[in-house]
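Inside the fold
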Amino acid sequence: MAVHLRILVILTGLTGICSVTTVSEVSVKAGGSISIPCLYEPQYRNNLKYLCKGYDWTSCSSAIKTDKQSSGRFSISDDKIQRIVTVTIKDLKEQDRGDYWCAVEIKKLVDERKYFYLSVTGGTPALDVDHQEIQGFIGEEIAIKCHHSNRGVIKWCRLGSSCVTEPSGSIDGTEVTIDRRVPNVFTVAMSGLRTESSGWYWCDKGGFQMPVHLTVTEKPTTTTVAATTLLTTTEPENPPTGSVDKETTTVQSEQQSDSVYLKSFIIRLSLLIFIPVVTMFIWFTLKKHKQAKAAASATATSCTESDVDVMRGSVVFNRPKGLQKTSSAESDVVR
């Protein structure tokens, strides 16, 4: 009975190796981060998944589980549609180097698992990429640069699917070209991207792998903004506070600008009206003053001539009485 039980455990363990798929060895620089994808079978969608650290499966210790998605520098996520559980380790240290297992908990039986080795170095990693997360657009091409410092066969593989060796091939209908003309770098070009091209891939050279996650979407259309912007009447019910403050500040600034412009316009218009009015007023005042002065001068001249005439008509020559008598006597003698 014991022998049959041992055989059952061994067969279950062998089945577990095939039921979970992941990389075999990754090399990462200390201080960096790494994401490891693990593909599992459809029947395990609702099972608990976890990362176990240790060379011996029977004595390894659990580092993170899907029922607790983050713990310190470790995090885990389970995409049940793609059937991929992804483990991420941040701020890698020398003590993180070692043996790990991607595992699926199977109650009352031996858990399904897959082994991989994590190498943490202070120097140049054996195989590395610029970014583990990349994005492409439907119908277009994308290029991934894989930096390496080791020897071996170059491959580009898709998790749960096939691999392409240089110089070219195809994976699930997507054309793949591998170019290694640049020293210590081989560039993978994927053309004719489709939505189905999204998923986990990895660079492979000399026994090392480096996972890369590709997301393929529709290319956004470019909209030309007209000079006059029309505001839509549909607005979010609860707009972000920062956005409201910015819009309020913008409106207040525009109102202040309009107010300053209006005041400036009124002042200029007032000056344009005031100056001619003042000029006309001064001109009329001077003209009236000149007319009054001329009238006064004419009146003074007329009054002087009249006085002279009156004085001339009013002259009476009075002689002395003695002189009058003598004149009478002389008049008689003459007679």
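Use the structure listed above.
**What about the environment of Ser161?**
- In this fold, Ser161 is placed in the loop between β14 (154–158) and β15 (163–165).
- A residue is classified by how much of its surface remains accessible, and Ser161, at 36% relative accessible area, is partly exposed.
- Taking C-alpha positions, Ser161 is 9.3 Å from Tyr201, a pair spaced 40 residues apart along the chain.
- When residues no more than four places from it in sequence are discounted, the contact partners of Ser161 are Ile171 and Asp172.
- At 3.3 Å, the side chain of Ser161 and the side chain of Asp172 are in polar contact.

**A few points about the packing of aromatic side chains**
- Under the counting rule described, the total for this entry stands at 4 aromatic pairs.
- Of the aromatic side chains, those joined through ring pairs into one cluster are Trp57, Trp101 and Tyr115.
- When the ring centre of Tyr40 is taken as origin, the NZ or CZ atom of Lys49, which lies over that ring, is 4.2 Å away.

**A few points about the sheet that holds strand β4 (residues 49–53)**
- The strand order across the open sheet built from 5 strands is β2-β10-β9-β4-β5, with neighbouring strands paired in mixed fashion. Each of the sheet's edge strands pairs with one partner strand only, and the pair in question is β2 (25–29) and β5 (61–65). Across this sheet, the average inter-strand angle for adjacent strands is 30°, counted without regard to direction.
- Both strand β9 (residues 98–104) and strand β10 (residues 112–121) contribute to a ladder of 7 bridges, which runs antiparallel. Paired with Cys102 across the bridge in β10 is Lys114.

**A look at the pairing of strand β17 (residues 174–179)**
- The alternating pattern of β17 places Thr174, Val176 and Ile178 on a buried face, while none of Glu175, Thr177 and Asp179, on the opposite face, is buried.
- Pairing of strand β16 (residues 168–171) with β17 involves 4 bridges; the strand directions are antiparallel. Looking at β17, one finds that Ser168 is bridged to Thr177.
- Where β16 folds back on β17, the antiparallel hairpin that results is connected by 2 residues, among which Asp172 adopts a positive phi of roughly 50°.
- Summarising the sheet, β17 and strand β18 (residues 185–191) pair through 5 bridges and their orientation is antiparallel. Bridge pairing in β18 links Val176 to Met190.
- Hairpin connection, β17 to β18: the antiparallel pair is bridged by 5 residues, and Asn184 has positive phi, about 60°.

Cut-off values and rules
- Residues numbered from 1 in each chain as written.
- Predicted model: local features only at pLDDT ≥ 70, side-chain atom pairs only at ≥ 80, totals over all residues.
- Heavy atoms only, no water.
- Helix = DSSP H or I, 4+ residues; strand = E, 2+ residues; numbered from the N terminus.
- Buried < 20%, exposed > 50% of the residue type's maximum accessible area, 1.4 Å probe, protein only.
- Contact = heavy atoms within 4.5 Å.
- Polar contact = N/O pair within 3.5 Å; in protein donor to acceptor, adjacent residues only side chain to side chain.
- Phe/Tyr/Trp six-rings, centres within 6.5 Å; stacked < 30°, edge-to-face > 60°.
- Lys NZ or Arg CZ within 6 Å of the ring centre and 35° of its normal.
- Pairing = 2+ DSSP bridges.
- Axes fitted to C-alpha atoms, helices over the stretch in contact; angles between N-to-C directions.

Geometric descriptors of this kind do not, in isolation, establish any biological role.
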